[in-house]
Amino acid sequence: MWGSATTTLNGNRAASKTERRNDMTGRKPLAWRLLAGVGAFALAAAGLLGTGTAKADPLVGNIDPALKGSIIVHKHVKADGSTNGNPAGAPVAGVTFKVTEVLRNNASIPLATAEGWQAIAGLTPSGVGTAPFSRGTSHSDVTAANGQVTFGNLSVGLYLVEETDSGNNLIAEPAAPFLVTIPYPNADGSGSWVYDVNVYPKNVLQTITPTKSVGDPTAPVLGSSMDWTISVPVPYSALDYKSFEIKDVLSSDLQFEQWVSIAIGGTALVAGDYTISPDNTTVTLTAAGLVKLNAAQRPNGTTVTAVIRTKIVSIPADGLTKNKATITVNGKPSDTTTPSTNWGELMVKKVSNVGNALLAGAEFDVYATAPDANGVATSQPVAHGVTDANGIVKWTLWVGNDTVTQKNYWLKETKAPAGHVLPANPWTGPHAVNAGTVTQAQVTITNHKPTGPDLPLTGSTGSLAFGIIGLALIAAAGGTLAVRRARASR
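Analysis parameters
Residues numbered from 1 in each chain as written. Predicted model: local features only at pLDDT ≥ 70, side-chain atom pairs only at ≥ 80, totals over all residues. Heavy atoms only, no water. Pairing = 2+ DSSP bridges. Helix = DSSP H or I, 4+ residues; strand = E, 2+ residues; numbered from the N terminus. Contact = heavy atoms within 4.5 Å. Axes fitted to C-alpha atoms, helices over the stretch in contact; angles between N-to-C directions. Salt bridge = Lys/Arg side-chain N within 4 Å of Asp/Glu carboxyl O. Buried < 20%, exposed > 50% of the residue type's maximum accessible area, 1.4 Å probe, protein only. Core = buried A, V, L, I, M, F, W, Y, C linked by side-chain atoms within 4.5 Å. Phe/Tyr/Trp six-rings, centres within 6.5 Å; stacked < 30°, edge-to-face > 60°. pLDDT = per-residue confidence, 0-100.

Novice: Sorry if this is basic, but what is going on with the sheet that holds strand β17 (residues 254-264) here?
Specialist: Consider a sheet: its strands pair through backbone hydrogen bonds, and that pairing is either parallel or antiparallel. As summarised here, the arrangement of the 5 strands in space is β14-β15-β21-β17-β18, forming an open sheet in which the pairing is antiparallel. Every other strand in the sheet has two partners, leaving β14 (211-214) and β18 (267-268) as the edge strands with one partner each. The strands touched by helix α5 (residues 287-296) within the sheet are β15 (225-234), β17 and β21 (302-312), with β17 carrying the most contacts at an inclination of about 55°.

Below is the structure:
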């Protein structure tokens, strides 16, 4: 059962006289009885599984101070299916443990004697360092891929085992320090001793689930800026976080503008707390930033937030511009949620009432709100446009974020094409714009070309006759004048 301490014996020798004497009297050796009442603290109090292999001993049941032993640490994720010596959880590599001999009056504790066991009665890991107990020689090592690390060639004595570094693991809480004796009493009650002790300190690993959200654009038109907020909940850890990185590689539809802010627990970081990669994709906490992170996450955890500002430069066919980031903490990556900003196209086609001719030069304002009952705008226009030679003008407009993929817009014609007049009501709408470039909102608006009324003709047939006669008289007068001048010249 997880949380118990057991030992196993391999290759037991025949029972010695001491063992037989124990069987006859029903009593264990003094040292074993002391450990049964006191020494079981070593592993059971730490919530560990302890198994071991006894070495051949000339006097089974007694401790040989000349023998060497070992502590074999097995690091696994806590799992309900674990049994004695058989952890069900996955092994955890890269975790550093330190084994330190516990001294009494600056000397090794003589566990081959009853006095040695009596001296450590009631001692807890927190008592090491309080006179007369002190720390002796220490050895540190790291668990391998199988989660195992062995501290060998240990003399008979008492040892303190501590988990000191999580490595690239999100360990929620390190194993509590615990004491181990070399040797350790065999759990089968035989009175024999285990010199190679297996211990199974358990761990619960953290899970970090970052999120990402997108705000509204500065204006609902293509080319606007918008902020994306990355939020990373950082749970409490007794061990320091060793690395923290945010990576956001933008799609081709987005153009990087700036990292607006990086904050821990709502407090903005400053220059020197983090670095930004040359391509602007990655923010990494420096040693100074990690100091602030580890201070903020104790005792109740904290949240790291980062805001990146981008410009919308194009939209994909479905109109959904998506962006996610990857967070790497202690070398363990996890992706954020993937929000989207959604855009669509509104297109106007302008024609004349005369032959449906395409009209250039018509000007429009685009509004995100409807006019009032008197045709007065209720907001400022969000865009302006002029029809081209094909009578077309179109806008790429924001329709919402995430699951919102449609938005209404209103058009106001502000200038009619040459030779045409504005309609009596220059407003049209609402026009539903859907996300995507394929499902365009297409609007056809006709302009009137005035031809004017028929004008009446002046005069009549009588006036025409008078005109003819007048011309004839003028011609006759001219002829008479010419004759007279000719006679005078003779």
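Novice: Is there a simple way to explain the pattern of salt bridges in this structure?
Specialist: Oppositely charged side chains can pair when the atoms bearing their charge come close. The final tally for this structure, using the stated rule, is 9 salt bridges. The partner of Lys242 in a salt bridge is Asp165, with the nearest N and O atoms 3.2 Å apart. Taken as a pair, Lys242 in the loop between β15 and β16 (244-247) and Asp165 in strand β8 (residues 157-165) lie far apart in primary sequence, 77 residues in all. Overall, the relative accessible area of 41% leaves Lys242 in the partly exposed class. For Asp335, the salt bridge identified is with Lys324, shortest N-O distance 3.5 Å. Note that Asp335 is positioned in strand β24 (residues 332-335) and Lys324 in the loop between β22 (320-322) and β23 (326-329), a separation of 11 residues in sequence.

Novice: Mind showing me how you'd approach the nonpolar core here?
Specialist: As a rule of thumb, nonpolar side chains are buried together in soluble globular proteins. Core analysis: the biggest nonpolar cluster contains 48 residues, and Phe244, Leu293, Leu346 and Trp395 have the highest contact counts within it. Setting aside chain neighbours within four positions, we find Trp395 in contact with Gly344, Glu345, Leu346, Val348, Phe364, Val366, Ala383, His384, Gly385 and Leu411. Within the second largest apolar cluster, 34 residues are counted, among which are Ile63, Leu179, Ile182 and Tyr184.

Novice: Would you take a moment to explain the packing of aromatic side chains for this structure?
Specialist: What characterises a pair of aromatic rings is the spacing of the ring centres plus the angle enclosed by the ring planes. In total, this model carries 2 aromatic pairs according to the counting rule given. On the basis of an interplanar angle of 50° and a centroid distance of 4.9 Å, the ring pair of Tyr367 and Trp427 is categorised as tilted. Placement of Tyr367 in strand β26 (residues 363-367) and of Trp427 in strand β30 (residues 427-434) is noted, with a sequence separation of 60 residues between them. Trp427 gets classed as buried once you look at its relative accessible area, which sits at 9%.

Novice: What should I look at first to understand the confidence of the model for the chain in this one?
Specialist: Low pLDDT marks stretches whose predicted atomic positions should not be read closely. Per-residue confidence for the chain gives a mean pLDDT of 84; residues scoring 70 or more make up 79%. Across residues 51-60 the pLDDT falls below 50, and counting only partners more than four positions away or on other chains, this stretch makes 44 contacts in the model.

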